[in-house]
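If you want the building blocks of each chain, they are given just below.
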Amino acid sequence: MSASADNADTDRDTDRDTAVSGPPAPVLSYSPVTLAVPGRPVDLQVRVSVPVTGTGLPVVLLSHGHGGSNNLSSLNGYAPLANLWAAAGFAVVQPTHLSSRTLARRLAGAPGAPFFWRSRAEDMSRILDRLDEIAHTVPQLAGRLDHDRIAVAGHSLGGHTASLLLGARTTDPGTGAEVDLRDRRIKAGVLLAAPGRGGDVLNGWMADRVPFFHGTDFSTMTAPTLVVAGDKDDSAHFTDIGPGWHADPYHLAPAPKTLFTLFGAEHLLGGISGYDADETTDENPERVAALGRLTAAYLRTQLLSDPYAWQKACEALTTGTAPAGRVECK
């Protein structure tokens, strides 16, 4: 590598370190990028958020939840996280899945409605197939993405989507066949308030509406993954076992896995689905900022082989008199 390339890498590292722990870097957000997909009921639309400068940007696919608001379950949601990750040096790509409430009336009778669990994972693989097309559509992005450094993140139902892409399997409730949707281009993941195990523990009033949760098998989810669970996230509509259900992907999947238990957090983890969102029951900007910093550090460690970012974030956020949460690893 030339001296100029070495200097460029050092500059990028400095920019990313500053973005993770210092003042926010400028971010460009562009939407919609529209991808025609044969056989899909509507075109696939995505939002792309990237730092204004820098090359060799790792890619983070972010899958939205089902949500209670109309537009947050789409490419228009999750700005608190997308902006933080983009400022930290990542290219964040957010699709509008067919399960989005923005499409609910239009697709009410479509096969797979209302959750479209299989299509959601397929959306992400399609995005990876067409990264060059996306990069050439977004102004000033062509040639800046690193196609070999890819992670997936998802919140709530999006966490289920991300887990399938990371190697977890489920049983198709229509056929009884095991479904493997892993995309091996994805190197690591972040599961945010994701669903846990199925079977008998799914005894809430929503259990019958999500049969694809019942057959989830985390034993095949081998990719490195950070599982984030709020210690006040009691999803009683699915199960009566309490907040620990959202830690199942950590406990039931093989190493390497990391669990971040976020103190005081309910299902929106302080407000990650949108700024001042009415659906947030535990709004706390400091909690969101802490989560953004820790997840960015994890992604940096996994995709850029930088252990110091993770170490510094853990020391800052899990120690002292008022820690944001606790971390476990295996």
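In what follows, the structure referred to is the one given above.
First, a word on what this report is: a plain description of the structure on this page. What you are looking at is a predicted structure, and each value in this text was computed from that prediction instead of being measured. (Residues numbered from 1 in each chain as written. Predicted model: local features only at pLDDT ≥ 70, side-chain atom pairs only at ≥ 80, totals over all residues. Heavy atoms only, no water.)

## Quick notes on the pattern of salt bridges
Two side chains bearing opposite charge may form a pair once their charged atoms approach each other closely. Filter applied, for reference: Counted as salt bridges are all cases of a side-chain nitrogen of Lys or Arg within 4 Å of a carboxyl oxygen of Asp or Glu. Secondary structure counts use DSSP, requiring at least four H or I residues in a row for a helix and at least two E residues in a row for a strand, with both numbered from the N terminus. A 1.4 Å probe rolled over the protein chains alone gives each residue an accessible area, and that area as a share of the maximum for its type sets the label: buried under 20%, exposed over 50%, partly exposed in between.
Scanning the entire structure with this criterion turns up 14 salt bridges. In this structure, the salt-bridge partner of Arg 118 is Asp 172, at a minimum N-O distance of 2.9 Å. One end of the pair, Arg 118, is in helix α3 (residues 117–129); the other, Asp 172, is in the loop between β6 (169–171) and β7 (178–180), and 54 residues separate them in sequence. Residue classification places Asp 172 among the buried positions, given a relative accessible area of 14%. Taken together, the salt bridges that share partners define one network made up of Arg 40, Glu 122, Asp 123 and Arg 126.

## Observations regarding helix α8 (residues 285–304)
The test is simple: A helix is expected to span 1.5 Å for every residue after the first.
Relative to the 28 Å expected for 20 residues at 1.5 Å per residue, α8 spans 27 Å between its end C-alpha atoms, a close match to the ideal helical length. α8 sits mainly inside the fold: 15 of its 20 residues count as buried.

## Some thoughts on the pairing of strand β2 (residues 44–51)
On a regular strand, one side chain projects to one face of the sheet and the next to the other, so that they alternate. This is how the line gets drawn: Pairing between strands is defined by DSSP: at least two bridges between the two strands are required.
Of all eight residues making up β2, seven are buried, and the element is well covered by its neighbours. Of the strand pairs in this sheet, strand β1 (residues 27–35) and β2 are connected by seven bridges, and their pairing is antiparallel. Looking across to β2, one finds that Leu 35 is bridged to Leu 44. With four bridges joining them, β2 and strand β4 (residues 91–95) adopt antiparallel strand pairing. Of the residues in β4, the one forming a bridge with Arg 47 is Gln 94.

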